[in-house]
Amino acid sequence: MESVLLDQAVSVDELVDACIKAFDDEGSLNDASLVRMFLMMHPWYLSSSDFAKKLLHKSQNCSASCRSQICHLVKYWIGEFPAEFDLNPDLAEQIRCLKELLKQNGDVRRSLLIDIDSIPSYEWKRELNASVQKKSKTSLLFDHLDASTLAEHLTYMEYKSFCKILFQDYHSFVMHGCTVDNPILERFITLFNRVSQWIQMMVLSKPTAQQRANVITDFITVGQRLLELQNFNTLMAVVGGLSNSSISRLKDTQALLSNESRKLFEGLVELITSSGNYSRYRQRFSESAGFRFPILGVHLKDLIAVHVAHSDWADPEKTQVNLTKTKQLYAILQELAVIQSTPPDIHANPDLLSLLIVSLDQYHTEEEIYQLSLQREPRSLKLSVSGSNPQSPQIEQWASSVQSKPDPVILNKHIEKMVEAVCI
């Protein structure tokens, strides 16, 4: 096991054999590091169905001890990644064939280790259609909520959405460079963007500059509470909303912010700035313990950067897996998986959650929001009336043009746009 992990290149068959041998006859796992890494990362090199076929073939040509190890590996695979078996009928069929073959050979005891029919249903993921957006123009006001309550409920809601993202979603995104056929990830990004948009609408819903300044101050306080909760992703959405041109151009409103609010906001902006490849955020995030909610856009950027920087294979014949790349991708994905298993200590109010969901389920174009901003505070006559407002790029708009292996220079530009789209 350790020798395989230390290698820089190894064949897929050698990795499969190492995963099998990691189990003993009784199912004890000597070292889960390689097994879990390969189970999560194998789609980069072969499909899950082909992996299952390899196991089926090996079970027909190996010792009884080896068959036990294979069955324990399959049991572990099902237990760790059940959604993969429910969402991939061909994979489930291959495993059923393995189970049936064991029964036919009189090996009932080992066949019982493979429980393919008790996997929970992930039908909700199959049926989800994130491309259908409800175009509600109504946005509920939350003047009656204190900043802490709002921050906690936003955190709870976004964390639940984040937990629905499976490792297959990340693989699909990295391999195709977009959210096409990836509705769970697209829905999470849409939720992020709607939080940012909703904040802009909350500010612009107020008719006077002082009222708008008060709302901005309230959301800066929400941002401070999100930082205390170590929810960096929603913090980015709040900062992005308050930094949008439709809000930042409101000179009369901005002039009414207190010096203390300005300093607090500048501190939040400085924390999540892209300077030094988000070095301040990365340092703060690495020092966080317990529940912590990452800026997903930054980690998606890391995944794409690793994918482009390294080939999947260590040789031109594509027989040797590039373990350097595998380990780097796995480290990022495993960290996200650990975060999903560490929920926040928040007791959300179901009624408030429902109100918040309705409030965020709105639709306004960037142009509509900017025109409302112009209504609140018209342009000064000294300013040119030509040109349109700068719009934040949407990940759905640019990612469809990104290929699996684009030119590195072009890809770097796409990466920066992605982080801006997801995070700002």
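Please read all numbers here as calculations on a predicted model, not as lab measurements.

Draft legend 1. Inspection of the overall build of the protein at higher detail. Assigned secondary structure in the protein consists of 24 helices and 2 strands. A burial count over the protein gives 52% of its 424 residues as buried. In the protein, the proportion of contacts linking residues at least 24 apart, taken out of those at least 6 apart, comes to 76%.

Draft legend 2. Region of the structure containing the packing of helix 4 (residues 48–59) against helix 5 (residues 64–80). Across the interface, helix 4 lies against helix 5 with an axial gap of 9 Å and an inter-helix angle of 155 degrees. By the angle between their directions, the pair helix 4 and helix 5 is classed as roughly antiparallel. For the pair helix 4 and helix 5, the sense of crossing is left-handed. Residues Ser48, Phe51, Ala52, Leu55, Lys58 and Ser59 of helix 4 lie in contact with helix 5, whose contacting residues are Arg67, Ile70, Leu73, Val74 and Trp77. For the contact of helix 4 with helix 5, the per-class residue count stands at 7 nonpolar, 2 polar and 2 charged.

Draft legend 3. Spatial organisation of the pattern of salt bridges. Tallied over the entire structure, the rule returns 14 salt bridges. Across the pair lysine 58 and aspartate 17 runs a salt bridge whose closest N-O atoms are separated by 2.8 Å. Within this pair, whereas lysine 58 is found in helix 4, its partner aspartate 17 is found in helix 2 (residues 12–21), the two being separated by 41 residues in sequence. You can call lysine 58 partly exposed: its relative accessible area is 22%. Residue aspartate 17 is classed as partly exposed on the basis of its relative accessible area, which comes to 27%. In this structure, the salt-bridge partner of aspartate 302 is arginine 282, at a minimum N-O distance of 2.8 Å. With a gap of 20 residues between them, aspartate 302 in helix 19 (residues 296–309) and arginine 282 in helix 18 (residues 275–287) connect regions that are remote in the sequence. A relative accessible area of 15% places aspartate 302 in the buried class. You can call arginine 282 partly exposed: its relative accessible area is 25%. Overlapping salt bridges bring together Arg67, Asp107 and Arg110 as one network.

Draft legend 4. Inspection of helix 12 (residues 183–204) at higher detail. Across its 22 residues, helix 12 extends 30 Å between first and last C-alpha, which sits within 8% of the 32 Å expected from 1.5 Å per residue. Burial runs high along helix 12: 21 of the 22 residues are buried.

Draft legend 5. Layout of unusual backbone geometry. Located in the positive-phi region is glutamine 230, a residue other than glycine, with phi close to 65 degrees. Within the element layout of this structure, glutamine 230 appears in the loop between helix 13 (209–228) and helix 14 (232–243).

Draft legend 6. Here's a closer look at the packing of aromatic side chains. Considering all chains together, one arrives at 15 aromatic pairs under this definition. Between phenylalanine 188 and phenylalanine 293, the aromatic rings sit 6.2 Å apart at their centres with planes inclined by 45 degrees, giving tilted as the arrangement. Residue phenylalanine 188 is found in helix 12, and its partner phenylalanine 293 is found in the loop between helix 18 and helix 19; the two are separated by 105 residues along the sequence. The residues phenylalanine 188 and phenylalanine 293 share a single accessibility class, namely buried.

Draft legend 7. View of the side chain of glutamine 69. Mapped onto the secondary structure, glutamine 69 falls in helix 5. Residue classification places glutamine 69 among the buried positions, given a relative accessible area of 14%. Within polar-contact distance, the side chain of glutamine 69 engages the backbone oxygen of phenylalanine 23 at 2.7 Å. Setting aside residues up to four positions removed in sequence, glutamine 69 forms contacts with Ile20, Lys21, Phe23, Asp24 and Asp25.

Draft legend 8. A look at the packing of helix 2 against helix 4. Close contact between helix 2 and helix 4 brings their axes to 11 Å; oriented N to C, the two are set at 65 degrees. Here helix 2 and helix 4 pass one another in a crossing that is right-handed. Counting all contacts with helix 2, which are made through Val12, Asp13, Val16, Asp17 and Ile20, the residues of helix 4 involved are Phe51, Lys54, Leu55 and Lys58. Its residues assigned to classes, the contact of helix 2 with helix 4 shows 5 nonpolar, no polar and 4 charged.

Draft legend 9. Focus on the environment of tyrosine 170. Mapped onto the elements of the fold, tyrosine 170 is located in helix 11 (residues 167–176). Residues tyrosine 170 and leucine 333 lie 163 residues apart in sequence; the distance between their C-alpha atoms is 8.1 Å. Look past the residues within four positions of tyrosine 170 in its chain and what remains in contact with it is Phe162, Ile165, Leu296, Leu300, Leu303, Leu333 and Leu336.

Draft legend 10. The environment of valine 174, seen in detail. As for its placement among the helices and strands, valine 174 is situated in helix 11. Sequence separation between valine 174 and aspartate 302 is 128 residues, and the spatial gap between their C-alpha atoms is 10.0 Å. Not counting residues within four places of it along the chain, the set of residues in contact with valine 174 comprises Trp44, Leu303 and His307.

Draft legend 11. Broad picture of helix 17 (residues 259–271). With 13 residues, helix 17 extends 18 Å from end C-alpha to end C-alpha; this agrees with the ideal 18 Å at 1.5 Å per step. Within the span of helix 17, buried status applies to Ser261, Phe265, Leu268 and Leu271. Taken down its axis, helix 17 places every buried residue within 120 degrees of arc, on the same side. Away from its buried face by more than 90 degrees, helix 17 exposes Asn259, Lys263 and Glu266. Where helix 17 is buried, its residues meet helix 13, helix 14 and helix 18.

Draft legend 12. A look at the environment of asparagine 349. Tracing the backbone shows asparagine 349 in the loop between helix 20 (323–340) and helix 21 (350–360). Within the local environment of asparagine 349, its side chain forms a polar contact with the backbone nitrogen of aspartate 351, the two atoms lying 2.8 Å apart.

Draft legend 13. Seen up close, the confidence of the model for the protein. Predicted confidence across the protein gives a mean pLDDT of 84, with 82% of residues reaching 70 or more. Counting interchain partners and residues more than four positions distant, the pLDDT-below-50 stretch residues 129–139 has 24 contacts. Note that residues 383–408 has pLDDT below 50 and, in this model, 48 contacts with residues that lie over four places away or in other chains.

What counts, and where the lines are drawn
Residues numbered from 1 in each chain as written. Predicted model: local features only at pLDDT ≥ 70, side-chain atom pairs only at ≥ 80, totals over all residues. Heavy atoms only, no water. Helix = DSSP H or I, 4+ residues; strand = E, 2+ residues; numbered from the N terminus. Buried < 20%, exposed > 50% of the residue type's maximum accessible area, 1.4 Å probe, protein only. Contact = heavy atoms within 4.5 Å. Axes fitted to C-alpha atoms, helices over the stretch in contact; angles between N-to-C directions. Parallel < 35°, antiparallel > 145°, perpendicular 65-115°, else oblique. Left-handed = near helix turned anticlockwise from the far one by under 90°. Nonpolar A, V, L, I, M, F, W, Y, C, P; charged D, E, K, R; others polar. Salt bridge = Lys/Arg side-chain N within 4 Å of Asp/Glu carboxyl O. Expected span 1.5 Å × (residues − 1). Phe/Tyr/Trp six-rings, centres within 6.5 Å; stacked < 30°, edge-to-face > 60°. Polar contact = N/O pair within 3.5 Å; in protein donor to acceptor, adjacent residues only side chain to side chain. Arc of directions from axis to C-beta. pLDDT = per-residue confidence, 0-100.

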